[in-house]
Amino acid sequence: MTDLPETMRAVVLTGHGGLDKLVYREDWPTPRPGPGEVVIKVGACGLNTTDINTRTAWYSDKVTGAMTDAGGAGGFAEAEAAKGTWGGQPLTFPRIQGADVAGRIAAVGAGVDPARIGERVIVDPWLLGLGDWNNPANTAYFGSECDGGFAEYTKVRSENALKIESALSDAELAALPCTLHTAETLVMRTEPVPGETAVIAGASGGVGTAAVQLAKLRGARVLGIAKAAKAQTLLDLGADAVVDREAPDLTAAIREAAGGPVDVAIDVVGGPMFMPLLEALRHGGRYAASGAIAGPMVEVNLRTFYYRDLQLRGATITPPGTMARLVKVVERGQIQPMLAATFPLKDLAKAQEAFLEKRHVGNMVLTVEGA
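Report on the accompanying structure. The model shown is predicted, which means the values in this text are computed figures rather than measured ones.

Structural notes on the overall build of the protein
Scanning the protein for helices and strands turns up 11 helices and 17 strands. Expected size for 371 residues packed as a compact globule is a radius of gyration near 21 Å; at 20 Å, the protein falls within 12% of this value. The C-alpha extent of the protein, read off along each of the three principal axes, is 60 × 45 × 40 Å. Each of the 371 residues in the protein was classed as buried or not, and the buried ones make up 57%. For the protein, long-range pairs separated by at least 24 residues make up 71% of all intrachain contacts whose partners lie at least 6 apart in sequence.

Observations regarding unusual backbone geometry
Cis geometry is found at the peptide bond from F93 to P94, where omega equals -5°. Residues other than glycine seldom take positive phi values, yet E191 does so here, at roughly 50°. Mapped onto the fold, E191 is located in the loop between α4 (177-190) and β10 (197-201). Of note, the phi angle at K358 is positive, near 55°, even though the residue is not glycine. Tracing the sequence through the fold places K358 in the loop between α11 (348-357) and β17 (363-367).

With respect to the pattern of salt bridges
Inspection of every chain in the model, using the stated rule, returns 20 salt bridges. The residue E6 makes a salt bridge to R32 at a minimum N-O spacing of 3.5 Å. Of this pair, E6 sits in the segment before β1 (7-13) while R32 sits in the loop between β2 (22-29) and β3 (37-46), and the two are 26 residues apart along the sequence. Between D170 and R120 there is a salt bridge, and its shortest N-O distance comes to 2.8 Å. Note that D170 is positioned in helix α3 (residues 170-174) and R120 in strand β5 (residues 120-123), a separation of 50 residues in sequence.

Description of the packing of aromatic side chains
Per the counting criterion, the structure on display carries five aromatic pairs. Look at W86 and W126: their rings are 5.0 Å apart centre to centre, the planes differ by 85°, and that puts the pair in the edge-to-face class. Residue W86 is found in the loop between α2 (69-74) and β4 (100-108), and its partner W126 is found in strand β6 (residues 126-128); the two are separated by 40 residues along the sequence. Both residues of the pair, W86 and W126, belong to the buried class. Here the aromatic residues W86, W126 and Y141 are joined through ring pairs into a cluster of three or more.

Cut-off values and rules
- Residues numbered from 1 in each chain as written.
- Predicted model: local features only at pLDDT ≥ 70, side-chain atom pairs only at ≥ 80, totals over all residues.
- Heavy atoms only, no water.
- Helix = DSSP H or I, 4+ residues; strand = E, 2+ residues; numbered from the N terminus.
- Rg over C-alpha atoms; globule rule 2.2 N^0.38 Å.
- Buried < 20%, exposed > 50% of the residue type's maximum accessible area, 1.4 Å probe, protein only.
- Contact = heavy atoms within 4.5 Å.
- Salt bridge = Lys/Arg side-chain N within 4 Å of Asp/Glu carboxyl O.
- Phe/Tyr/Trp six-rings, centres within 6.5 Å; stacked < 30°, edge-to-face > 60°.

Okay, here's the thing in structure tokens:
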């Protein structure tokens, strides 16, 4: 193990609630690697909806509304701390969040080849357990059940620090891991094939922009749903058409753009978007969701579901090996990171405020000076 500083800069989450729970520190203990672990000097760390959901305990069942600007900034009074994480378990504080790390290995623990020191890596955030990896009780998420990357240094299991060789900057790489593996899981669950049409709700966000590209790589025709002002960016990214999310009859707008019903619907929005997407699907169509930024509670016409033989899938835990495979996709230049903005580490709260406004396309990233 190489020498590490005793302390580091970090943004520490002190409890569930508003942005005031994010505390910038310059004297936080630097992590030391245990057996099988590495310490990474963080170059950049991406922001994600899960950071805000966890901070505010939005995941708890009693929060039934959308992730609003006010709720994201101030928290939710009805939130239950005991069920405040994606897996419905309590979070231990203080906690350093941040799942999307790009940087270089600075130190290694026992059992890890010292030759890895200096290696450029990105982190696979899913810390899958042995045995039943699809069991939430046996699985952890980087920056949630353990400390993450909103800091100068972070530690993770060696196998989750994936070597990457790319001309992309750390900030560009940090825009990818969470959004890319979530999008890939959604695409795997719906299995679009060449010639099929996929519609993607929330297409301008981090997951959405990744899903557009991954569905195109599989040969699908892709429709994005987004604000009209973001349409050209999505078309430039590869979308075949963009549907205005404010269309008075969203189902009709989707079907018009597609020239008929669609084969696949990918959704990170939920709320009032849910039924229009189901209604736009063909008989035997496939739908998958991994988010509900417009609200987790939806009204369902079960006849649409069962008379059309629809397939509905959830998409959270990513299968083993997914991120390692996606690294190769990145290295081949087949995925374009959508870096919307960067902020210095100390400005995490400001970055989350900007993230909540949803005026951007792609993802926002914190950069660490001196990395």
